[in-house]
Structure formats: structure tokens, C-alpha cells
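Descriptive analysis of the structure
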Amino acid sequence: MSRAAVLGTGLIGASVGIGLRAAGWTVAGWDPDSAALGRARSMGAVSVAADSLEDAVAGSDLVVLAGPVEAIVETIPRLTGTAPGAGPLVTDVAGVKMPVVFAAEGHPRFVAGHPMAGRETSGPDGASGSMFYGATWVLCTDGASPEDLERMHQIVESLGAHAVLMSAAEHDRAVAAASHLPQIAAAALVELVGEDAAALGLAAGGFRDLTRVAMSDPSWWVDVLVGNRREVVTALRRFAERLEGLATEVEGGLKPEIADRMSNARAIRRSMAAPVETVSILLEDRPGQMARVGHSLSESGVDLRDLQLRHAVHGGGGVLTLSVRSGEASKLRAALSGDGFTILSP
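In every chain, residue numbers begin from 1 and rise along the written sequence. Where local features are concerned, this predicted model is filtered to residues with pLDDT of at least 70; where side-chain atom pairs are given and counted, the filter is 80 or more; whole-chain, interface and lining totals use all residues. The side-chain numbers reported here are obtained from all heavy atoms of the structure, hydrogens and water having been left aside.

Description of the pattern of salt bridges
Counted as salt bridges are all cases of a side-chain nitrogen of Lys or Arg within 4 Å of a carboxyl oxygen of Asp or Glu. Following the criterion strictly, the structure yields nine salt bridges and no others. Between Arg-325 and Asp-303 there is a salt bridge, and its shortest N-O distance comes to 3.7 Å. In this pair, Arg-325 sits in strand 12 (residues 318-325) while Asp-303 sits in the loop between helix 13 (289-300) and strand 11 (304-311), placing the two residues 22 residues apart along the sequence. Connected through salt bridges with shared partners, the residues Asp-303, Arg-305, Arg-325 and Glu-328 form a single ionic network. Only DSSP runs of H or I with at least four residues qualify as helices, and only runs of E with at least two residues qualify as strands; both kinds are numbered from the N terminus onward.

Focus: the environment of Ala-112
Examined against the element boundaries, Ala-112 turns out to sit in the loop between strand 6 (110-111) and strand 7 (113-115). Partly exposed residues are those whose accessible area sits between 20% and 50% of the maximum for their type, while under 20% is buried and over 50% is exposed, using a 1.4 Å probe and protein chains only. Overall, Ala-112 belongs to the buried group, its relative accessible area being 1%. Distance from Ala-112 to Ala-235, taken between C-alpha atoms, is 23 Å for residues 123 residues apart in sequence. The contact definition used throughout considers only heavy atoms, calling two residues in contact when any of these lie within 4.5 Å. Every residue in contact with Ala-112, bar those within four places of it in the chain, is listed here: Thr-91, Asp-92, Lys-97, Val-101, Val-138, Leu-139 and Cys-140.

Examining the sheet that holds strand 4 (residues 62-65)
Paired strands, in this sense, are two strands between which DSSP finds at least two bridges. Ordered in space as 3-2-1-4-5-6, the six strands form an open sheet in which the pairing is parallel. Looking at strand neighbours, the two that pair on one side only are strand 3 (48-49) and strand 6, the edges of this open sheet. Here strand 5 (residues 89-92) pairs with strand 6 via two bridges, running parallel. Bridged to Thr-91 within strand 6 is Val-111. In this analysis an axis means a line fitted to C-alpha atoms, helices contributing only their contacting stretch, and an angle means the value between N-to-C directions, from 0 to 180 degrees. Sheet strands in contact with helix 4 (residues 69-79) are strand 1 (3-7), strand 4, strand 5 and strand 6, and its direction is about 155 degrees off that of strand 4. Together, strand 4, strand 5 and strand 6 form the strand contacts of helix 6 (residues 146-158), whose direction differs from that of strand 5 by roughly 60 degrees.

With respect to the side chain of His-180
In this fold, His-180 is placed in helix 7 (residues 168-194). Take His-180: its relative accessible area is 2%, and that puts it in the buried class. Apart from the residues lying within four places of it in its own chain, the contact partners of His-180 are Gly-95, Val-175, Trp-221, Val-224, Leu-225, Asn-228 and Val-232.

Digging into the packing of helix 11 (residues 229-251) against helix 12 (residues 255-271)
Two elements in contact, helix 11 and helix 12, have axes separated by 8 Å at closest approach and are oriented at 140 degrees. The angle between helix 11 and helix 12 places the two elements in the oblique class. For helix 11 against helix 12, the interelement crossing comes out left-handed. Where helix 11 abuts helix 12, its residues Arg-242, Gly-245, Leu-246, Glu-249 and Val-250 lie against Glu-257, Ile-258 and Arg-261. Roughly parallel means an angle under 35 degrees; roughly antiparallel means over 145; roughly perpendicular covers 65 to 115; every other angle is labelled oblique. Rotating anticlockwise by less than a right angle from the far helix to the near helix defines a left-handed crossing, while the corresponding clockwise rotation defines a right-handed one.

Things to note about the confidence of the model for the chain
Residue-level pLDDT values for the chain average 91, and 95% of them are 70 or greater. Mean pLDDT values for the elements of the chain range from 82 in strand 11 up to 98 in strand 4. In predicted models, pLDDT denotes the confidence assigned by the predictor to each residue on a 0 to 100 scale.

Digging into the sheet that holds strand 9 (residues 162-166)
The sheet built from three strands is open, its strands ordered 7-8-9 with mixed pairing. Since the sheet does not close on itself, it has two edges, and those belong to strand 7 and strand 9, each with one partner. Within this sheet the neighbouring strands show an average axis-to-axis angle of 20 degrees, counted without direction. Across five bridges, the pairing between strand 8 (residues 136-140) and strand 9 is parallel. Across the sheet, Val-138 pairs through a bridge with Val-164, a residue of strand 9. With respect to the sheet, helix 7 is in contact with strand 7, strand 8 and strand 9, its orientation differing from that of strand 9 by roughly 110 degrees.

Here we look at helix 11
The span you would expect from a helix comes to 1.5 Å times its residue count less one. Compared with the 33 Å implied by 1.5 Å per residue over 23 residues, the 32 Å span of helix 11 between its first and last C-alpha is a close match. Inspection of helix 11 places Glu-231, Val-232, Ala-235 and Glu-249 among the buried residues, and these make up the whole buried set. Close packing links the buried residues of helix 11 with helix 7, helix 10 (218-227) and helix 12. A positive backbone phi angle near 65 degrees is found at Gly-253, which sits one or two residues after helix 11.

Thoughts on the packing of helix 13 against helix 14 (residues 329-338)
Relative orientation of the contacting elements helix 13 and helix 14 amounts to 135 degrees, with a least axis distance of 8 Å. Classified by the angle their axes make, helix 13 and helix 14 are oblique. Read as a crossing pair, helix 13 and helix 14 show a hand that is right-handed. Contact residues: helix 13 offers Ser-296, Leu-297 and Ser-300, while helix 14 offers Lys-331, Leu-332, Ala-335 and Leu-336. Here the nonpolar group is Ala, Val, Leu, Ile, Met, Phe, Trp, Tyr, Cys and Pro; Asp, Glu, Lys and Arg are the charged ones; every other residue, Gly included, is treated as polar. For the contact of helix 13 with helix 14, the residue count by class is four nonpolar, two polar and one charged.

Focus on the packing of aromatic side chains
What describes a pair of aromatic rings is the distance from one ring centre to the other and the angle between the planes of the rings. Side-chain rings of Phe, Tyr and Trp, where Trp is taken by its six-membered ring, are said to pair if the distance between their centres is within 6.5 Å; with planes under 30 degrees apart they count as stacked, over 60 as edge-to-face, and otherwise as tilted. Applying the stated rule across the entire model yields two aromatic pairs. Their ring planes at 85 degrees and their centres at 5.0 Å tell us that Trp-220 and Trp-221 sit as a pair that is edge-to-face.

Things to note about helix 2 (residues 34-42)
Count 3.6 residues to each turn of an α-helix, and residues three or four apart come out pointing the same way. Residues Ala-36, Leu-37 and Ala-40 constitute the buried set of helix 2. Down the axis of helix 2, the buried set is contained in an arc of 100 degrees. They therefore lie on one face. Opposite the buried face of helix 2, by more than 90 degrees, sit the exposed residues Ser-34 and Ser-42. Contacts from the buried residues of helix 2 go to strand 2 (26-30) and strand 3. Structurally, the start of helix 2 carries an N-cap: the backbone nitrogen of Ala-35 is 3.0 Å from a side-chain oxygen of Asp-33. One or two positions beyond helix 2, positive phi appears at Gly-44, with a value near 85 degrees. It is the directions from the helix axis to the C-beta atoms that the arc portrays. Two N or O atoms form a polar contact when they lie within 3.5 Å of each other; inside protein one atom must be a possible hydrogen donor and the other a possible acceptor, and for residues adjacent in sequence the pair counts only when both atoms belong to side chains.

Below is the structure:
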């Protein structure tokens, strides 16, 4: 397999194209938006900008459907018979899977997929070959042969992702709670705070972290939420029940019950991430500060796991928090102090 067609050259499609080309594939791209296709071609996400869907697919070993859910569902029937024999291996990247696998019933070589990665921006300009590094990439077993699942597993791993097999129904139920519900909750919270100028003025790092996904492309999310509406509504109602229970406990001043909820949530959240230690420093409002931080990181030799910058009110400077593996914080503190940074107390 050496030739791929990417149908839809937005953020995810262009990122897939970049990754496939880096892995040695020749990639033909097609998009109904000629401007998006042109940008994807100019940035090297595709080798060839095809004039039509059929031109892109012709002679391909792999076809990646990277448009919105409804567009993917409408495109699948057009792929039947586009190549002799069984045709190319076909996959997709939609965030909801049941409508896709239903549309693909009877297709000889279809493996539904969903890379659990993305950004708040849309379009090919934000695409990156490292988009999928370390990300989970779901491959649905519905109707897929073992051979095609194994081949897709290899392709996904070559893009830096970790393949996970599950049914489309399992996927849609899981993402309704883990992905779709957080998007809705973030949107609702931003709306609520946005109605209160005083509250909005006090919104700080925690609020920004919790609501970051509210900046995502609305049109993409409308398509996904409606496509997975049964599972999304179920998750929303379960969430509402928990909120109502918490409201009752707060109203009644039931401190032990509230503490139990918070402690349980904290334990679950901690179990989701590798143990880290944090080091926080003050950044001054002047050029070269991050370069100095980079020097400190290099000198300390620590393994940086995450970073977060809380800007000063009027921009420039602020507090930078660096997360490193357990046991490495002291080395980082020493290097940062040596470079003249002010270390904040834990």
C-alpha cells in the first residue's frame, strides 16, 4: 500500500495527509472547498490536489473520509465500484460512528475510525503531522475483516497514535460522556458566566482550562451532537441528576457528602494521569523569557510532561507552571534558580 486519498482537507484530514506523507505515502486530496484544498496542497498535506472525488480515489490503496459526519455518510455509497475487485481500504475520522457503520453496511473493505485528537481551530492551517502522537485512535470492529483491522492498526500506529478496538455502539456511548458532554458543559458554563460581567472579570486559569473546548468550531460540533443525540441526551440527563444531587447537598450544608464527592472525583482524576510534580515561576513582561526557561529545562535534563501559563491581567508575563516526572522537581528548581527565575512556593 503506497497511495492514499484524503477526502476532506480540513484540520484532521490535512493532519492525516501530513502524517501519511511522512510515512512514505503518495497522498491525493480532494475537498469541495477549493480554497481549503489549495492550502492543504501548498503546505504539503497532499501530494496532488484532485479535481474530483473520483480522481482522488482512482488507483488508491487507502481512502480516508475526513469530512463532517453527514458528508461522510453521503460519500460512502459513491465509493462502491470505484476500483476493480474489492477496491481500496476505506476508513473515516468522524466523531460519531453508528451512522457511519450503518451507511457502510455491505462495503467490502470499510473500517470506521475516530482519532481522539484535535484543536480549537478548524481548517488545514492548523494541521500538524504530530497531531496524533500519543492519542487514542478508535477502530470499530463492525463489519471489518481481521485483515483490514490489522492493516488499519499498522497505519494508525505509523501516525503516532494508539489504536483501540471497540464496536460503534460502545464508541458512541463512551464519547457521549467523555467528549460530547464536556463540550456541552463548557458551552453552558461560558454562557452562564458571560451573562455576569463581574463573574467574567474574575474568570482565571481554572475557568479557562475547564472551558477551553468551548472555542471549538460550532458547525462541526452541531453535526456530531445531532448524529449522536440519543447517547448525548442520555449522558446529559445523567449529568443533570448528579448536579441536582450536588445542589441538594450544598443547599442542605451536607459537608461530609460534598467532601465524599470531591474526594472521589479527585482520586479518579489523579488515576488518569502519570504522577507528576509541578514547579511554578514568575515570568517577567519582556522578550526572551521562554528561551531562558528552555535553557533551564535543557540544563536540568528533566522530562517535561505539561506546562501552563497564567497571563498577567493586561498580557505579558505571569505565572508559568511546569509539570515534570516525580522526583525531578528539585533538579528543575535548581536550574531555574540558577538562571535567575523566582520560584513560587508550592
